[in-house]
Amino acid sequence: MSITVPAEPFSFTFDPRQTALMCIDFQRDFVEAGGVGESLGNDVSRLRSTIEPTQRVLAAFRELGSTIIHTREGHRPDLTDLFPAKRDRGNPSLRIGEEGPMGRLLVRGSRGHDIIPELAPIEGEVVLDKPGKDSFYGTDLETILRARGITRLIVTGVTTEVCVQSTVRAANDRGFECLVLSDCTSSYFPEFHESALAMFSAQGGIVGWVADSAALLGAIKSSESGGEA
């Protein structure tokens with residue numbers, strides 16, 4: 001089955017069997033109060049607008065039987081995979097590894113490292129722990145995608161200009177075609193969100209495609225009913 005989604009800069013076509021849905025870093029540490037996002041002085045409530053549209057997309061891709069990959073940024077409890085350049089960046093109220101309201105910030109196994117309940121993985125879905133912003137860095141993501149014959153990615157997650165953009169650019173360099181969903185991604189800074197989306201689809205889609213979840217879900221529904229997507 002081939003599905004064609006109206007997108008910028010032009011339509012994006014994918015086969016669900018060769019496509020993975022990426023849910024990037026929907027973690028308590030970034031989306032809920034008391035985590036690393038708030039420790040940096042950010043209004044974490046800005047990211048919560050992504051939850052409902054991503055829930056709908058996640059449900060649709062579960063129905064399609066596509067590969068679904070959830071990523072979590074975080075570090076080993078002994079912090080041996082945490083570079084000082086990352087630990088010491090900025091002027092947060094708490095640094096990575098320090099104890100916060102949801103446990104140690106950005107440390108694997110802490111409550112803050114968990115994916116939010118609204119978008120929690122189910123059995124059979126890939127959960128990928130990563131030490132950096134790019135989902136390919138220090139992980140076996142590329143191996144997983146190649147082993148499953150994946151050529152295209154539908155991308156959701158936070159934040160648009162950091163972990164999402166880092167992952168999409170890395171995917172593009174590896175030959176994967178990416179559709180970024182504008183309402184399923186967000187930033188603490190609205191202007192950064194808009195700029196990142198514009199950069200993805202600029203110059204004829206130099207990095208990827210952009211559409212909203214309604215366009216994607218409409219295309220899926222149309223394909224299932226035998227209509228034109």
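Up top is the structure these notes are about.
These numbers were taken from a predicted model, which means no experiment stands behind them. (Residues numbered from 1 in each chain as written. Predicted model: local features only at pLDDT ≥ 70, side-chain atom pairs only at ≥ 80, totals over all residues. Heavy atoms only, no water.)

> Got a minute to help me understand unusual backbone geometry in this structure?
Leave glycine aside and you will find that most residues have negative phi; peptide bonds, for their part, are mostly trans. In this chain, Glu 8 is followed by Pro 9 through a cis amide linkage whose omega measures 5°. Secondary-structure assignment places Pro 9 in the loop between strand 1 (3–5) and strand 2 (12–14). Positive phi, normally seen in glycine, also occurs at Leu 106, with a value near 50°. By secondary structure assignment, the location of Leu 106 is in the loop between strand 6 (103–104) and strand 7 (126–130). In this model, Gln 203 sits at a positive phi of 55°, which is unusual for a non-glycine residue. Positionally, Gln 203 belongs in helix 7 (residues 190–205). (Helix = DSSP H or I, 4+ residues; strand = E, 2+ residues; numbered from the N terminus.)

> Looking at this structure, I do not really get the packing of aromatic side chains. What am I missing?
Each pair of aromatic rings is reported with the distance of its centres and the angle of its planes. Inspection of the entire model under this criterion finds six aromatic pairs. A ring pair is formed by Phe 10 and Trp 209, whose centres lie 5.5 Å apart and whose planes are at 85°; its orientation type is edge-to-face. With Phe 10 in the loop between strand 1 and strand 2 and Trp 209 in strand 10 (residues 209–211), this pair connects stretches of sequence that are 199 residues apart. Since its relative accessible area comes to 43%, Phe 10 is described here as partly exposed. By relative accessible area, Trp 209 is classed as buried at 11%. Seen in terms of ring centroids, Phe 189 and Phe 192 are 4.9 Å apart; in terms of plane orientation they differ by 45°. Their pairing is tilted. With a relative accessible area of 33%, Phe 189 lands in the partly exposed category. The exposure class assigned to Phe 192 is partly exposed, which follows from its relative accessible area of 38%. Through successive ring pairs, a cluster of aromatic residues spans Phe 10, Phe 12, Phe 14, Phe 61 and Trp 209. (Phe/Tyr/Trp six-rings, centres within 6.5 Å; stacked < 30°, edge-to-face > 60°. Buried < 20%, exposed > 50% of the residue type's maximum accessible area, 1.4 Å probe, protein only.)

> What exactly am I supposed to notice about the nonpolar core here?
Counting residues in hydrophobic clusters, the biggest one holds 38 residues, and the most contacted among them are Phe 14, Phe 61, Ile 154, Leu 179 and Leu 216. For this core, the element with the most residues is helix 3 (residues 51–64), which contributes six residues. When residues no more than four places from it in sequence are discounted, the contact partners of Leu 216 are Val 5, Phe 14, Val 57, Phe 61, Ile 154 and Leu 181. Counting 26 residues, the second largest nonpolar core, distinct from the first, contains Val 126, Leu 145, Leu 153 and Val 210. (Core = buried A, V, L, I, M, F, W, Y, C linked by side-chain atoms within 4.5 Å. Contact = heavy atoms within 4.5 Å.)

> Is there a simple way to explain the side chain of Glu 32 in this structure?
Looking at where Glu 32 falls in the secondary structure, it is placed in the loop between helix 1 (28–31) and helix 2 (36–39). By relative accessible area, Glu 32 is classed as buried at 16%. Those residues in contact with Glu 32 that sit more than four places away from it in its chain are Gln 27, Val 44, Arg 48, Met 102, Ile 116 and Pro 117.

> Would you explain the environment of Ser 182 in this entry?
By the secondary structure assignment, Ser 182 is in strand 9 (residues 177–186). Separated by 25 residues in the primary sequence, Ser 182 and Gly 157 place their C-alpha atoms 9.8 Å from one another. Other than its neighbours up to four places away in sequence, Ser 182 contacts His 193, Leu 197, Val 210, Ala 211 and Asp 212.

> Would you take a moment to explain the sheet that holds strand 7 for this structure?
Two strands in a sheet stick together by hydrogen bonds in their backbones, pointing the same way (parallel) or opposite ways (antiparallel). One open sheet holds the six strands; their spatial order is 7-4-3-8-9-10, and the pairing between them is parallel. Whereas interior strands pair on both sides, the edge strands pair on one side only; in this sheet they are strand 7 and strand 10. For this sheet the average axis-to-axis angle between neighbouring strands, irrespective of direction, equals 25°. The sheet contact formed by strand 4 (residues 67–73) and strand 7 spans five bridges and is parallel. (Pairing = 2+ DSSP bridges. Axes fitted to C-alpha atoms, helices over the stretch in contact; angles between N-to-C directions.)

> I keep staring at helix 7 and nothing clicks. Help me out?
One turn of an α-helix holds 3.6 residues; hence residues three or four places apart share an orientation. Relative to the 22 Å expected for 16 residues at 1.5 Å per residue, helix 7 spans 21 Å between its end C-alpha atoms, a close match to the ideal helical length. At Ala 198, helix 7 shows its largest kink, close to 30°. For helix 7, the full list of buried residues reads His 193, Ala 196, Leu 197, Phe 200, Ser 201 and Gly 205. Where helix 7 is buried, its residues meet helix 6 (160–173), strand 9 and strand 10. (Expected span 1.5 Å × (residues − 1). Bend = angle between axes of the 7 residues up to and from the residue.)

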